[in-house]
Amino acid sequence: MSDGNRQPELGLHYVDCSTIERIGLNIHLSVNGFFYCTEGSVSFMSEDRTVNLTRGHLYIYPPYSHTRITDYSDNLRGVAGIANFDFVQEVLRLITDTRSQILLLSNPVAALEGDIRRDFEELLKVAMARQHLASDKVGRLCLHALGEALCYEIINIFFEKQQVEPEVKTRADAVFDHFIRHLNEHYRSHREVQFYAGLQCLSTRYFSSLVRRRSGRTPCEWISTMVLNEAKRLLSDPEKSIKQVAAELSFANQSFFGSFFRQQAGCSPSAWRRGKNMV
């Protein structure tokens, strides 16, 4: 798939109890990522769901939810990966259907055993060694190819585990797929369902029905989730004022942003920021 114009951006990091917080306790929604636990244990909170990982567990964190690291053992060891959103979406479109993608978001943990675990760990080891050697063009191309292979392997592991049957793509699949791409591009400046429906030349009502049918969520819910979690990410930066965050998300003023945040998060931006800093 790499053609010089589309190369995956992939970062791999060894993690233990002394380095895990450097990655960031709040996972940014604008990227795809995974965590593979090789020793000890770690817990994540994604929205209202707790995910507990031990040796051999592979967790994919979705770019549309607010994922936080909540606990980890003293003997934790693992590998964290962060991948370019557009690249991963392209891979998913090429080898999966929309139902499979939704299932993946609903079941983001796979337990690796036997040959699957051994092969995956070997591929990880090679990719991580190569990223430190990629100082020239050939080395970078090798790293990009390994990144692609790693993405395919992760997706293959999950869909073998889930045993999802192939599905013929429907009109709803295509609409939802385009909506997710458009949303990732425009959520900072556009929060109107009509805008996203218009990009596909559909009525708002028909567009909304297709999105809900395929994802179980309305377009408004998707939009609010994206905006809220980006707001949380921005608020996590102590150098940014609430007024700056509101401006970056295209709210008319800080008051409108505060109302939106309270409605979605149940507290004010300043209260959320204080609570986060106390964790």
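Look a little higher up for the structure.
Small disclaimer: the values here were computed from a predicted structure and weren't measured.

**Student:** Describe the environment of Val126, with residues and values.
**Tutor:** Along the chain, the position of Val126 falls in helix 4 (residues 114-131). When the C-alpha atoms of Val126 and Leu146 are compared, they prove to be 8.1 Å apart, with 20 residues separating the residues in sequence.

**Student:** Tell me about helix 11 (residues 254-265), and please be specific about residues and values.
**Tutor:** Helix length check: helix 11 (12 residues) gives 16 Å between terminal C-alpha atoms against 16 Å at 1.5 Å per residue, within 8%. Gly266 sits one or two positions beyond helix 11 and adopts a positive phi of about 85°.

**Student:** Which residues make up the packing of helix 6 (residues 171-186) against helix 8 (residues 204-215), and what are the values?
**Tutor:** In contact at an axis separation of 9 Å, helix 6 and helix 8 are set at 95° when each is read in the N-to-C sense. By the angle between their axes, helix 6 is roughly perpendicular relative to helix 8. On helix 8, the residues that touch Arg171, Ala172, Asp173, Val175, Phe176 and Phe179 of helix 6 are Tyr206, Phe207, Leu210, Val211, Arg213, Arg214 and Ser215. For the contact of helix 6 with helix 8, the per-class residue count stands at 8 nonpolar, 1 polar and 4 charged.

**Student:** Talk me through helix 8; I want residue IDs and the actual numbers.
**Tutor:** Look at helix 8: 16 Å from first C-alpha to last across 12 residues, which is about the 16 Å you get at 1.5 Å a residue. Residues Phe207, Leu210, Val211, Arg214 and Ser215 constitute the buried set of helix 8. Buried residues of helix 8 fall within an arc of 105° about the axis and therefore sit on the same side. Seen from the open side of helix 8, the exposed residues pointing more than 90 degrees away from its buried face are Arg205, Arg212 and Arg213.

**Student:** Mind laying out the pattern of salt bridges, listing which residues take part and the relevant values?
**Tutor:** Considering all chains together, one arrives at 8 salt bridges under this definition. With a shortest N-O distance of 3.1 Å, Asp115 and Arg118 are connected by a salt bridge. Here Asp115 and its partner Arg118 are both found in helix 4, 3 residues apart, which amounts to about one turn of the helix. The exposure class assigned to Arg118 is partly exposed, which follows from its relative accessible area of 42%. Of the charged contacts, one joins Glu248 and Arg188 as a salt bridge, the two residues approaching to 3.5 Å between their closest N and O atoms. Taken together, the positions of Glu248 in helix 10 (residues 242-248) and Arg188 in the loop between helix 6 and helix 7 (193-199) put the pair 60 residues apart, joining distant regions of the chain. Classification of Glu248 by relative accessible area gives partly exposed; the value is 28%. With relative accessibility at 28%, the residue Arg188 sits in the partly exposed group. A single salt-bridge network, built from bridges that share partners, covers Arg188, Glu230, Arg233, Lys240 and Glu248.

About the criteria used
Residues numbered from 1 in each chain as written. Predicted model: local features only at pLDDT ≥ 70, side-chain atom pairs only at ≥ 80, totals over all residues. Heavy atoms only, no water. Helix = DSSP H or I, 4+ residues; strand = E, 2+ residues; numbered from the N terminus. Expected span 1.5 Å × (residues − 1). Axes fitted to C-alpha atoms, helices over the stretch in contact; angles between N-to-C directions. Parallel < 35°, antiparallel > 145°, perpendicular 65-115°, else oblique. Contact = heavy atoms within 4.5 Å. Nonpolar A, V, L, I, M, F, W, Y, C, P; charged D, E, K, R; others polar. Buried < 20%, exposed > 50% of the residue type's maximum accessible area, 1.4 Å probe, protein only. Arc of directions from axis to C-beta. Salt bridge = Lys/Arg side-chain N within 4 Å of Asp/Glu carboxyl O.

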